[in-house]
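For reference, the chains in residue letters:
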Amino acid sequence: MFTKAGHSQAKQFMLENRSRERDLEENQRGSRYSREEHLLREDSQVEAAPLVSVVIPCYNQARFLGEAIESVLAQSYPHFEVIVVDDGSTDNTSEVAASYAGVRCIRQDNQGLAGARNTGIRESKGSYLVFLDADDRLLPDALKVGVEWLKARPECAFVSGLYRLIAADGSPLPPIREQPCPDKEQYMEMLRGEYIITPAVIMHRRSVFEAVGGFDSSVNAAADYDLCLRVARRFPVYCHGEVVLEYRLHDSNMTRNSVLMLKATLDVLHAQWQHTKENKQYEEAIKKGIRVSKDHYGGQLAYRVLAHAQQREWKNTLRDMLLLIWHYPRVFIRAWRKLRSYGRLRR
């Protein structure tokens, strides 16, 4: 257990106002989540200062791990535990974790990111959980903000915030796009692919995992997206819009693997069809989410095909070309239209 200071009166005043607004909204919207909300309210009243478990899965990211751990140890909220799950690393991940007093390190054979997070859930004791990737950093008030908003929103399964980008060396980067923070219909926005949350900006209630299960290792690369959808489909969730994380961009980010991410994301969205058959809005949202995913990751894959061809890496070119045809054939139609347009301009 670590001890550090305090509360802001201005923040408390804002939370009280938001709480009154929340009560008015609940009276208006009825009892869509009534049973689940009752369970969450009971959970939220257990502790005045709940323990937060910060789970850091790590696979060969020792060069960043120290910064991730130190960002947790520097938190203004005092009641937390840090659990590093060394997922079969071949670098010095365990040694880095062991160099910090009070940090638990659990070493296991490689089970993938989802499996490492699930190990963290089983080994943790906190009423609230945060899953911090080993290459990212929490901002100093991240845990305090999450705890305050979960208390202010006792009906919610999780609360989420925003992040800012940093480079591999930790220096700040300009934002790539505006981060959405919807105040309603969060499940629908997630289906559309417009509200996909990086894991460490979320603080979860432990009780939710008992209801929906843990991370699904069959969609390992998009298991966090899958979990958010499963939770938001059954429970209210809330985006408070405060920046709580520094998200690092570097060459070994899993999201840079466009083939892996495209397949996993499409699998996650296709699994949602069975839950949306009676709702036309949800069906349209899934269709849009599939298009957004194909445009984003399919576009990355198309550039990879061109890069392999320019380097005369014909085996890799053929492999990625076949994947592109299978998952994103529309890219060839777009390319053909651009070529025709270019031809007309030249004439």
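Definitions and cut-offs
- Residues numbered from 1 in each chain as written.
- Predicted model: local features only at pLDDT ≥ 70, side-chain atom pairs only at ≥ 80, totals over all residues.
- Heavy atoms only, no water.
- Patch = residues over 30% accessible without salt bridge, like charges linked within 9 Å, V, L, I, M, F, W, Y side chains within 5 Å.
- Areas by Shrake-Rupley, 256 points an atom, 1.4 Å probe, with all protein chains shown as cover.
- Salt bridge = Lys/Arg side-chain N within 4 Å of Asp/Glu carboxyl O.
- Helix = DSSP H or I, 4+ residues; strand = E, 2+ residues; numbered from the N terminus.
- Buried < 20%, exposed > 50% of the residue type's maximum accessible area, 1.4 Å probe, protein only.
- Phe/Tyr/Trp six-rings, centres within 6.5 Å; stacked < 30°, edge-to-face > 60°.
- Axes fitted to C-alpha atoms, helices over the stretch in contact; angles between N-to-C directions.
- Parallel < 35°, antiparallel > 145°, perpendicular 65-115°, else oblique.
- Contact = heavy atoms within 4.5 Å.
- Nonpolar A, V, L, I, M, F, W, Y, C, P; charged D, E, K, R; others polar.
- Pairing = 2+ DSSP bridges.
- Right-handed = clockwise from strand over helix to strand, strands pointing away.

Attention now goes to a nonpolar patch on the surface. On the surface, Leu318, Leu322 and Ile325 cluster together to form a nonpolar patch covering roughly 300 Å² of accessible area. Note on placement: Leu318 falls in helix 12 (residues 314–327). Classification of Leu318 as exposed rests on a relative accessible area of 52%.

A few words now on the packing of aromatic side chains. If you walk through the whole model with that rule in mind, you get 6 aromatic pairs. Centre to centre, the rings of Trp149 and Tyr238 are 5.6 Å apart; their planes meet at 40°, and the pair counts as tilted. Remark: Tyr238 occurs in strand 8 (residues 238–248) and Trp149 occurs in helix 6 (residues 142–152); sequence separation between them is 89 residues. Per residue, the accessibility class of Trp149 equals that of Tyr238, and both read buried. Aromatic side chains Tyr187 and Tyr282 sit 5.0 Å apart centroid to centroid with 90° between the ring planes, which places their arrangement in the edge-to-face category.

Turning our eyes to something else, we now look at the packing of helix 10 (residues 258–271) against helix 11 (residues 280–310). Look at helix 10 against helix 11: their axes get within 9 Å of each other, and the N-to-C directions meet at 170°. Judged on the interaxial angle alone, helix 11 and helix 10 are roughly antiparallel. Contact residues: Ser258, Val259, Met261, Leu262, Thr265, Leu266, Leu269 and His270 in helix 10; Ile286, Gly289, Ile290, Ser293, Lys294, Tyr297, Gly298, Gln300, Leu301 and Arg304 in helix 11. When grouped by side-chain class, the residues that make up the contact of helix 10 with helix 11 number 9 nonpolar, 7 polar and 2 charged.

Moving on, we come to the pairing of strand 1 (residues 52–58). In terms of residue burial, strand 1 counts as a mostly covered element, since 7 of its 7 residues are buried. Side chains Val52, Val54, Ile56 and Cys58 project from strand 1 onto one buried face, and the interleaved Ser53, Val55 and Pro57 project onto a second face that is buried too. Pairing between strand 1 and strand 2 (residues 80–87): 7 bridges, direction parallel. Paired with Cys58 across the bridge in strand 2 is Asp86. The parallel pair strand 1 and strand 2 is bridged by helix 3 (residues 62–73), and the resulting crossover is right-handed. By the bridge criterion, 4 bridges tie strand 1 to strand 4 (residues 128–131) in an arrangement that is parallel. By the bridge assignment, Val55 is partnered in strand 4 with Phe131.

Taking strand neighbours across the sheet as the criterion, the 8 strands line up as 3-2-1-4-7-6-8-5 in an open arrangement whose pairing is mixed. Both outer strands of the open sheet, strand 3 (103–108) and strand 5 (137–138), are each paired with one neighbouring strand and no more. One ladder, built from 7 bridges, connects strand 6 (residues 158–166) with strand 8; its direction is parallel. Bridge pairing in strand 8 links Leu162 to Val243. In the packing of helix 5 (residues 112–123) onto the sheet, contacts are made with strand 1, strand 2, strand 3 and strand 4, and the angle to strand 2 comes to roughly 145°.

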